[in-house]
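# Structural overview for review
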Amino acid sequence: MTAAADPRLDLTLHRVIRASPQSIWRAWTDSSLLERWWVPAPTLARVDQLDARPGGAFVTSMSEDGREFVPHTDGVFLIAEPDRRLVFTNAISSAWRPARPEPVAMTAEVVLGEHPDGTDYRVTVRHRDPATRDLHEELGFFDGWGSVADALTALVESGGAA
């Protein structure tokens, strides 16, 4: 079951991607592919742990220069329905400890739906309260998540995740 988005608490992103749900799923769950689009360019991503199953670790780092990497994501997957839905949170660390992630705690749901032109790609990022949601928006949610969605789209539409 997918919970409806609450505009007071959630930020959403929607794209129609001209690629199959299977290729988008691969781009989300294959470390070498995720590294190609997970952070806004020119920043580089490194996947430290990617175990796309309920309870599996999701840990990434990022670098401005390709030499020194700093923590980016440390969370766990809650739901993994191949080619359909992926849910993760950073409110629980990969070590299964309650976390206080910076800048915001969130739960992200990625839904891959049927569309005549490929895949209906929807992301809902849920927050604890309106202030946290608003902070995430002010910090550039739409630019950041939008640019990585564009990079994901370019990768899968070019056949790079086939």
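Parameters and conventions
- Residues numbered from 1 in each chain as written.
- Predicted model: local features only at pLDDT ≥ 70, side-chain atom pairs only at ≥ 80, totals over all residues.
- Heavy atoms only, no water.
- Patch = residues over 30% accessible without salt bridge, like charges linked within 9 Å, V, L, I, M, F, W, Y side chains within 5 Å.
- Areas by Shrake-Rupley, 256 points an atom, 1.4 Å probe, with all protein chains shown as cover.
- Salt bridge = Lys/Arg side-chain N within 4 Å of Asp/Glu carboxyl O.
- Helix = DSSP H or I, 4+ residues; strand = E, 2+ residues; numbered from the N terminus.
- Buried < 20%, exposed > 50% of the residue type's maximum accessible area, 1.4 Å probe, protein only.
- Pairing = 2+ DSSP bridges.
- Axes fitted to C-alpha atoms, helices over the stretch in contact; angles between N-to-C directions.
- Contact = heavy atoms within 4.5 Å.

On the surface, a cluster of nonpolar side chains totalling about 300 Å² of accessible area is made up of Leu78, Ile92 and Trp96. Its location among the elements puts isoleucine 92 in the loop between β5 (85-89) and β6 (107-115). Among the residues examined, isoleucine 92 registers a relative accessible area of 31% and is labelled partly exposed.

On to the sheet that holds strand β3 (residues 57-63). Taking strand neighbours across the sheet as the criterion, the 7 strands line up as β1-β7-β6-β5-β4-β3-β2 in an open arrangement whose pairing is antiparallel. Edge strands, defined here as strands with exactly one partner in the open sheet, are β1 (10-17) and β2 (44-50). Direction aside, the axes of adjacent strands within the sheet are offset by 25 degrees on average. One ladder, built from 8 bridges, connects β1 with strand β7 (residues 118-126); its direction is antiparallel. Pairing of histidine 14 across the sheet is with arginine 122, part of β7. On the sheet, helix α1 (residues 21-29) packs against β1, β2, β3, β4 (70-81), β5, β6 and β7 and is oriented at approximately 25 degrees with respect to β5.

None of the figures reported here should be taken as evidence of function without further support.
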